[in-house]
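A look at the structure
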Amino acid sequence: MPKTKKKSKKQLEDELQKAAEEQKRQEEKERLFKLEEDALAAHRERLEIELEGKNRVLEAERLEEEQEMVVRMKGERKRCLDYEQSKLQEKIEWQKFVSCTSRPNVMFESEITTYVTMVREERSDRESVETAIEKCKAAEEVVGDLLELYCKACEEGNVTRQDWCMHYIGEIRDLEVELIDAATAHLLLYIEKQEPNTHLQVYLQWGNANDNMKVGFWGHLQSKGFRAKSIEHSKIQIGLDLPKAIQLQSIGHCIGVRSLYTTFDSAQGKDPVQMSIGGMIRVDLLSIPPFSKKVKGWTIRQVPAPGKELMKLPYPNTEHTTASTAIAAPCKIDYKVPSHVLVSKNPVVSWWDASVERWSTEGISEITWEQESRKISFFTARLASFSITQERHSDLPYKHWNMRPCDDMVVELTVQAARYELRFMISEDGLRLKGPQLPELLDVMFEPGSGEAGGLSGPSGRRPRIRSPATLLNELRECGLNLMPKNSDADQLEGYTPKHPETQARAYSDLSEIAAFYDIASSRHNKDLPAERALVRIRENELHEVFNPLDADGDNDYQAIMFFPDKCCHVQFEAQRCQSIRTFNIIQCLFLAKPVRERCFAKGYPFAPAQKKR
């Protein structure tokens, strides 16, 4: 192999210079190419912005053109709805008038405050527990009127009115507890008039097992000699097992234990995460005042100071705890749960911690639920107010839902909640629950009593129970099914964000106009959209046929509709990407099909003619 001649220094410098010039030319070429690309990209972006602006202008013009029609149609619908609601309201007011009731008109705040003031001022220091319970029943009738007003505010979306109603409901129910406390204080002050047994113990109970309010009392009329005691109020089906530690932590007191059960919950709505079901039982350890003495024909009785008529003793007593009583023995409590309440196999019992306004399970153990007798029992390390609790979002999120027309002016709504599938029938008369037919829900589904129902009959011929939407949903919440979620509930659910109120209002208003002729179903993509957008699927169904919205073979039969605060549009989904087709008002959906349009005009619905296509 011949030997390669070594390059000179000048040759090496020339080659290096050529390489540098070549590199410089290449960099300049790349720079010019990049400038060209950037210019093209900027030109494309400018064209897209101009096109988007032009489309927005055209869209704004089209929406403005449609606005007059939409306002006229929705105004007509609102007038019709207001007229129908006014007739219902007149009927309700007439029924109240002919009933000759003396209850205050809850529409006026002055009448409510006057009622509360009069009940407090007319309260007697010598009022019996029976009289107090009767007054509480009358107060619950006023609460019923307020709940009716609250449900109407829910339907109208009036949050201020809802809070106003709940404020006075809470005030009246606090007043009921005050009445029972005052009657209990009078009972304790004259406890010697009650007939004790041979062990100097007094057993008293008021009410029956199924009453909305019932009271049980047990008293030990001496400060010594107390042993562990099992108390059974069989008439009201409340039981207590009291340990000896109660007396050891209340030395020097003659003690009494009052059990107050109410179907309502004094803490309703205060805990944002937990909700109570099945009512509340309040167990209080009371100090019996010193007994009266007879001196020279006079009866001398020590009258407690104002505000101290009823002395409630804490258990466990942390102020006077000794080494031997540092650990408080648990008490056992059992009571009957109303028949309309849905209770899980493993229920949770909590006590109300007023200091933080939250439900707490601390110190509660050995919870037992007996389905047949509907009795729940548990052990607790303290005496307080107790209730069965569950998470407010136990039935959330909804897995899917759909609406379908099943008759003229009748729509069936199916909601697959986390625990149950619920079916509702929506008609001109209102809303009724069709399923599931659980024993606990029969009183919500059917009217009380029995008899021929004529076609739509339930057990023993009971008529279906039709209510306003919010009233029915409120009754279901009392049964343990919370289908009235709040925006705060979304904080407990991963991946869910509340939709914008204006978007919700637009969707509710527009979909209600096509529900009589279209199937409407949920979309799994809806939760992935921002708060300003909502997505549903619709399918024409003028023959009231039954389709399965979850059937993959029928996906192509549905159209996806996306709602915005001020408009809606057809969309397509490709590879999880939403593509807008055209914005419009949902009313135009009806006029895409001639048979549906003709049916609308035949029935006299306030629908305008189809808009001219652009």
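Residues numbered from 1 in each chain as written. Predicted model: local features only at pLDDT ≥ 70, side-chain atom pairs only at ≥ 80, totals over all residues. Heavy atoms only, no water.

Description of the overall build of the protein chain
- Of the regular secondary structure elements, the protein chain holds 10 helices and 24 strands.
- The buried share of the protein chain, reckoned over its 614 residues, is 41%.
- The contacts in the protein chain between residues at least 6 apart in sequence include a share of 60% that link residues at least 24 apart. (Helix = DSSP H or I, 4+ residues; strand = E, 2+ residues; numbered from the N terminus. Buried < 20%, exposed > 50% of the residue type's maximum accessible area, 1.4 Å probe, protein only. Contact = heavy atoms within 4.5 Å.)

Describing helix α1 (residues 9-98)
- If you look at α1, its biggest bend is around 35°, right at Q67.
- Every buried residue of α1 is listed here: E59, R62, L63, E66, M69, V70 and M73.
- C100, located one to two residues past α1, shows a positive phi value of around 55°. (Bend = angle between axes of the 7 residues up to and from the residue.)

Comments concerning unusual backbone geometry
- Put simply, L396 and P397 share a cis peptide bond, and its omega is -5°.
- For P397, the position within the fold is in the loop between β15 (385-391) and β16 (400-407).
- Even without a glycine there, the phi angle at L200 is positive, about 60°.
- Inspection of the secondary structure puts L200 in the loop between α4 (159-189) and β1 (201-206).
- In this structure L200 comes out as partly exposed when scored by relative accessible area, which is 35%.
- Phi at Q237 takes a positive value of approximately 55°, unusual for a residue other than glycine.
- Mapped onto the elements of the fold, Q237 is located in the loop between β3 (229-233) and β4 (238-242).

Digging into the pattern of salt bridges
- Evaluated as defined, the whole model comprises 31 salt bridges.
- Residue R419 pairs with D395 through a salt bridge whose shortest N-O separation is 2.8 Å. Here R419, found in the loop between β17 (410-416) and β18 (421-427), pairs with D395, found in the loop between β15 and β16; they are 24 residues apart in sequence, far enough to count as distant.
- Three or more residues are tied together by salt bridges with common partners; here these are K74, R77, R506, D510 and E513. (Salt bridge = Lys/Arg side-chain N within 4 Å of Asp/Glu carboxyl O.)

Notes on the confidence of the model for the protein chain
- Looking at the protein chain as a whole, the pLDDT averages 82, with 87% of positions reaching at least 70.
- With pLDDT under 50 throughout, residues 322-326 is counted as low confidence; its partners more than four residues away or in other chains account for three contacts.
- With pLDDT under 50 throughout, residues 451-455 is counted as low confidence; its partners more than four residues away or in other chains account for eight contacts. (pLDDT = per-residue confidence, 0-100.)

A word on the pairing of strand β14 (residues 375-380)
- Within β14, five of the six residues are buried, which leaves it mostly tucked inside the rest of the structure.
- Where strand β10 (residues 331-336) lies against β14, six bridges are found, and the strand directions are antiparallel. Looking at the pairing, C331 lines up with T380 of β14.
- In this structure, strand β13 (residues 364-370) lies alongside β14, joined through five bridges in antiparallel fashion. Within the sheet, the bridge partner assigned to I364 lies in β14 and is T380. (Pairing = 2+ DSSP bridges.)

So, the side chain of S350
- Note that S350 resides in strand β11 (residues 348-353).
- Leaving out residues up to four positions away in the same chain, S350 has contacts with W359, S360, T361, I364, S385, F386, S387 and T389.

Brief notes about the packing of helix α3 (residues 129-156) against helix α7 (residues 469-479)
- Contact geometry of α3 with α7 gives a least axis separation of 8 Å together with a crossing angle of 115°. Taken together, the axes of α3 and α7 lie roughly perpendicular to each other. Viewed along their axes, α3 and α7 form a crossing whose handedness is right-handed. Residues L147, Y150, C151, C154 and E155 of α3 form the contact with α7, whose participating residues are P469, A470, T471, N474 and R477.
- Along the lines of polarity and charge, the residues of the contact of α3 with α7 split into six nonpolar, two polar and two charged. (Axes fitted to C-alpha atoms, helices over the stretch in contact; angles between N-to-C directions. Parallel < 35°, antiparallel > 145°, perpendicular 65-115°, else oblique. Left-handed = near helix turned anticlockwise from the far one by under 90°. Nonpolar A, V, L, I, M, F, W, Y, C, P; charged D, E, K, R; others polar.)

A look at α7
- Along α7, eight of the 11 residues are buried, which leaves the element largely enclosed by surrounding structure.
- Residues of α7 that are buried include every one of A470, L472, L473, N474, E475, L476, R477 and C479, and no others.
- Check the buried side of α7 and you find it contacts α3, β6 (274-288), β18, β19 (430-435) and α6 (442-445).

Examining the sheet that holds β13
- Sheet architecture is open: five strands sit in the order β3-β4-β10-β14-β13, paired in antiparallel fashion. Two strands bound the open sheet, and with one partner strand each, they are β3 and β13. Sheet twist, expressed as the mean angle between neighbouring strand axes with direction ignored, is 10°.
- Note: β4 against β10, four bridges, orientation antiparallel. Bridging from a neighbouring strand, D241 pairs with K332 of β10.

Details of the nonpolar core
- Membership of the largest hydrophobic core comes to 78 residues, with the highest contact counts inside it found for F424, L433 and L476.
- Once you skip the residues sitting within four places of it in the chain, L476 turns out to touch L422, F424, L433, L441, V444, L481 and L483.
- Within the second largest apolar cluster, 34 residues are counted, among which are I281, V337, I364 and I376. (Core = buried A, V, L, I, M, F, W, Y, C linked by side-chain atoms within 4.5 Å.)

Some remarks on the environment of E478
- Note that E478 resides in helix α7.
- Sequence separation of E478 and S276 is 202 residues, and the distance between their C-alpha atoms is 8.8 Å.
- Residues in contact with E478, not counting those within four places in the same chain, are H340 and V341.

A few points about the packing of α3 against α4
- Where α3 meets α4, the closest approach of the two axes is 9 Å, and the angle between their N-to-C directions is 175°. Between α3 and α4, the angle falls in the class roughly antiparallel.
- Across the contact of α3 with α4, the residue classes break down as 22 nonpolar, one polar and five charged.

Some thoughts on a nonpolar patch on the surface
- On the surface, W94, F97 and V98 cluster together into a nonpolar patch covering about 360 Å² of accessible area.
- Relative to the helices and strands, F97 resides in helix α1. (Patch = residues over 30% accessible without salt bridge, like charges linked within 9 Å, V, L, I, M, F, W, Y side chains within 5 Å. Areas by Shrake-Rupley, 256 points an atom, 1.4 Å probe, with all protein chains shown as cover.)

Here we look at the packing of aromatic side chains
- All told, the structure shown has four aromatic pairs when counted by the stated rule.
- Centre to centre, the rings of W352 and W359 are 5.2 Å apart; their planes meet at 65°, and the pair counts as edge-to-face.
- Residue classification places W352 among the buried residues on the basis of a relative accessible area of 15%.
- For W359, a relative accessible area of 10% corresponds to the buried category.
- With 5.3 Å between their ring centres and 55° between their planes, F378 and F386 make a pair best called tilted.
- Positioned above the aromatic ring of Y261 is the side chain of K214, whose terminal nitrogen or guanidinium carbon lies 5.0 Å from the ring centre.
- Directly above the ring of F547 sits R539, whose terminal nitrogen or CZ lies 3.3 Å from the centroid. (Phe/Tyr/Trp six-rings, centres within 6.5 Å; stacked < 30°, edge-to-face > 60°. Lys NZ or Arg CZ within 6 Å of the ring centre and 35° of its normal.)

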